[in-house]
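As a plain string of letters, each chain reads:
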Amino acid sequence: VTIPEFGQIAWLPDNAGVQILDQTLLPGEERRLEITTIEQMAEAIGRLRVRGAPLIGVAAAMGVAGAIRRLGAAATRRAVLDACDYLGKTRPTAVNLRWALDRMARHADAVEEGETLGRAMVEEAQAIWDEDQAMCRRIGEAGLPLVPTGATVMTHCNAGALATGGIGTALAPVYLAHQAGRRVSVIADETRPLLQGARLTAWELSRAGVPVTVITEGMAASRLRVGDITCVLVGADRIAANGDVANKIGTYGLALAARAHGVPFYVAAPASTFDPATPDGAAIPIEIRKEEEVRGWTGVQWAAPAARVWNPAFDVTPAELVTGYLTDAGRLSAAELGRLRR
Ligand code: MRU
């Protein structure tokens, strides 16, 4: 059994831009977009054409590199800093975006301007991508013992390959278990309002041959009560110093329900998601998105027009509800996270 390539991101020829899979069109259409400017990359990140905390970091870094590379001999450090500033404002919650852009800006500092700078930016973006792939693998290995044969994993949103440059975070243990020949299946929360679970998680798992069942998040507590869920595995957009976790809206409710039913709840994330500068969940900026996303979808309106909408894209799960963290440094408790940091 092999894990398929999903082609979520690639370089254009000569590293003169980035190709992304437009995730807003899945599962109906598999269309790839060519991105050659910073404005196009900002639009793609803002509209969630490219999404998932690790992948927006990788995509932003590659976007900066592609645009600077295209400047050729005219490439300047100022252009790198401006590009990083601009892309950094697209989405506030996932710290991976800032982390990757800061890395690009720091790397530019040490390099001569012109063609050399373009090449150096491409090398650094490639390093960020390579490291992300390696971290996904290690997260998968850390979580593999949680997914024995016969396991049913519940997940929320999409923390699979489509959310990273590699095989995913929360889904990495599932892929490695499947590859090892274990019989495993996944319950995917639909994930309102943008349906990342129903559209993306279900798409990539079925393509890999992993049995997947979609539920709406309102069904999760009832399913946890049935008693057939081995563990809940979710990703993260930012993990504060005390272990509080920002992830897709609905994660907190799932963590509460898992605790109430004695089901282990694990958060999977690479080093780029940990933010020691943010003390706790209350200090994590939560993105509020447009009311239209909840009112309807592609022209169909189901909310009463006079009603206002509250649409936070993420919520915070307190560390005390997290059984453990699957990281590229292994499986850790909240206390061990603190030790690792020190
Ligand atoms: O708004 P999205 O689709 O970018 O939100 C994604 C999530 O919340 C994921 O769970 C998170 O980024 C972790 S992905 C490995």
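Note that the coordinates shown come from a computational prediction; the quantities given were computed from them, not determined experimentally.

**Notes on the overall build of the protein**
Next up, step 1: Within the protein, the regular secondary structure consists of 11 helices and 16 strands.
Next up, step 2: On C-alpha atoms alone, the protein measures out to a radius of gyration of 20 Å, which is about the 20 Å that the 2.2 N^0.38 rule sets for 342 residues.
Next up, step 3: When its C-alpha atoms are laid out on the principal axes, the protein stretches across 65 × 50 × 40 Å.
Next up, step 4: For the protein, the residues scored as buried account for 57% of the 342 residues in total.
Next up, step 5: For the protein, contacts bridging at least 24 residues in sequence account for 76% of all contacts bridging at least 6.
Next up, step 6: Accessible surface, the protein as shown: approximately 13,900 Å² in total, 53% of it carbon and sulfur.
Next up, step 7: Placing the 35 positive and 38 negative side-chain charges of the protein at their respective mean positions leaves the two points 4 Å apart.

**Topic: the sheet that holds strand β15 (residues 324–327)**
Next up, step 1: With mixed pairing, the 7 strands of this open sheet are ordered in space as β6-β5-β4-β7-β10-β15-β16. The sheet is open, and its two edges are formed by β6 (212–215) and β16 (330–332), each paired on a single side. Direction aside, neighbouring strands of the sheet carry axes that sit 25° apart on average.
Next up, step 2: Inspection of the sheet shows strand β4 (residues 152–155) paired to strand β7 (residues 231–234) by 2 bridges, in the parallel sense. Pairing of V153 across the sheet is with C231, part of β7.
Next up, step 3: Along the sheet, helix α5 (residues 115–143) makes contact with β10 (265–268), β15 and β16, crossing β15 at roughly 140°.

**What to know about the nonpolar core**
Buried together is how nonpolar side chains tend to be arranged in soluble globular proteins.
Next up, step 1: Grouped together as the largest cluster of nonpolar side chains are 43 residues, with contacts concentrated most on I9, V64 and M104.
Next up, step 2: For this core, the secondary structure elements donating two or more residues are β1 (9–11), β2 (18–21), α1 (38–46), α2 (53–71), α3 (77–88), α4 (95–109) and α5.
Next up, step 3: Looking at this core, the element that brings in the most residues is α2, giving 12 residues.
Next up, step 4: Ignoring anything within four residues of it in the chain, the contact list for V64 reads I38, V80, A83, C84, L87, L101 and M104.
Next up, step 5: Judged by nonpolar contacts, the second largest core, of 34 residues, contains I3, L162, V184 and L200.

**Some details on helix α7 (residues 196–208)**
Next up, step 1: Its 13 residues give α7 an end-to-end C-alpha distance of 17 Å, which sits within 8% of 18 Å, the value for a rise of 1.5 Å per residue.
Next up, step 2: Along α7, the helix axis deviates most sharply at A202, where the bend reaches about 25°.
Next up, step 3: For α7, a buried count of 10 out of 13 residues is recorded, marking the element as mostly surrounded by other parts of the structure.
Next up, step 4: For α7, the complete set of buried residues consists of Q196, G197, R199, L200, T201, A202, W203, E204, L205 and A208.
Next up, step 5: Two residues or fewer past α7, G209 is found with a positive phi of approximately 85°.

**Regarding the site of the ligand**
Next up, step 1: Near the ligand lie 19 residues; those nearest to it are R51, A53, R91, N247 and K248.
Next up, step 2: For the ligand, an oxygen atom lies 2.8 Å from a polar atom in the backbone of A53.
Next up, step 3: Between an oxygen atom of the ligand and a side-chain N or O atom of R91, the distance comes to 2.8 Å.
Next up, step 4: Relative to its unbound accessible area of 420 Å², the ligand is 100% covered by the protein chains.
Next up, step 5: A per-class count over the shell around the ligand returns 8 nonpolar, 7 polar and 4 charged.

**Some words on the confidence of the model for the protein**
Next up, step 1: Taken as a whole, the protein shows an average pLDDT of 97; of its residues, 99% reach a score of 70 or greater.
Next up, step 2: The least confident element of the protein is helix α11 (residues 334–341), whose mean pLDDT is 80; the most confident is β4, at 99.

**Section: the side chain of T327**
Next up, step 1: Of note, T327 is situated in strand β15.
Next up, step 2: For T327, the side chain forms a polar contact with the main-chain nitrogen of A329, separated by 2.9 Å.
Next up, step 3: For T327, the side chain forms a polar contact with the main-chain oxygen of G330, separated by 2.9 Å.

**Focus on the sheet that holds strand β11 (residues 274–275)**
Next up, step 1: Read from one edge to the other, the open sheet built from 4 strands follows the order β11-β8-β9-β14, with strand pairing classed as mixed. Only two strands of the sheet have a single neighbouring strand rather than two, namely β11 and β14 (314–317).
Next up, step 2: Bridge count between strand β9 (residues 245–248) and β14: 4 bridges; the pairing is antiparallel. Residue pairing for β14: A246 is matched across the bridge by V316.

**What about the packing of helix α6 (residues 172–179) against α7?**
Next up, step 1: The interhelical angle for the contact between α6 and α7, taken along N-to-C directions, is 15°, at an axis separation of 11 Å. The angle between the axes of α6 and α7 places the two elements in the roughly parallel class. Crossing of α6 against α7: the hand is right-handed. Residue-level inspection shows V174, Y175 and H178 of α6 in contact with α7, the latter providing E204, L205 and A208.

Rules and cut-offs
- Residues numbered from 1 in each chain as written.
- Predicted model: local features only at pLDDT ≥ 70, side-chain atom pairs only at ≥ 80, totals over all residues.
- Heavy atoms only, no water.
- Helix = DSSP H or I, 4+ residues; strand = E, 2+ residues; numbered from the N terminus.
- Rg over C-alpha atoms; globule rule 2.2 N^0.38 Å.
- Buried < 20%, exposed > 50% of the residue type's maximum accessible area, 1.4 Å probe, protein only.
- Contact = heavy atoms within 4.5 Å.
- Areas by Shrake-Rupley, 256 points an atom, 1.4 Å probe, with all protein chains shown as cover.
- Lys, Arg positive; Asp, Glu negative; His and termini not counted.
- Charge placed at Lys NZ, Arg CZ, Asp CG, Glu CD.
- Pairing = 2+ DSSP bridges.
- Axes fitted to C-alpha atoms, helices over the stretch in contact; angles between N-to-C directions.
- Core = buried A, V, L, I, M, F, W, Y, C linked by side-chain atoms within 4.5 Å.
- Expected span 1.5 Å × (residues − 1).
- Bend = angle between axes of the 7 residues up to and from the residue.
- Near = heavy atom within 4 Å.
- Polar contact = N/O pair within 3.5 Å; in protein donor to acceptor, adjacent residues only side chain to side chain.
- Nonpolar A, V, L, I, M, F, W, Y, C, P; charged D, E, K, R; others polar.
- pLDDT = per-residue confidence, 0-100.
- Parallel < 35°, antiparallel > 145°, perpendicular 65-115°, else oblique.
- Left-handed = near helix turned anticlockwise from the far one by under 90°.

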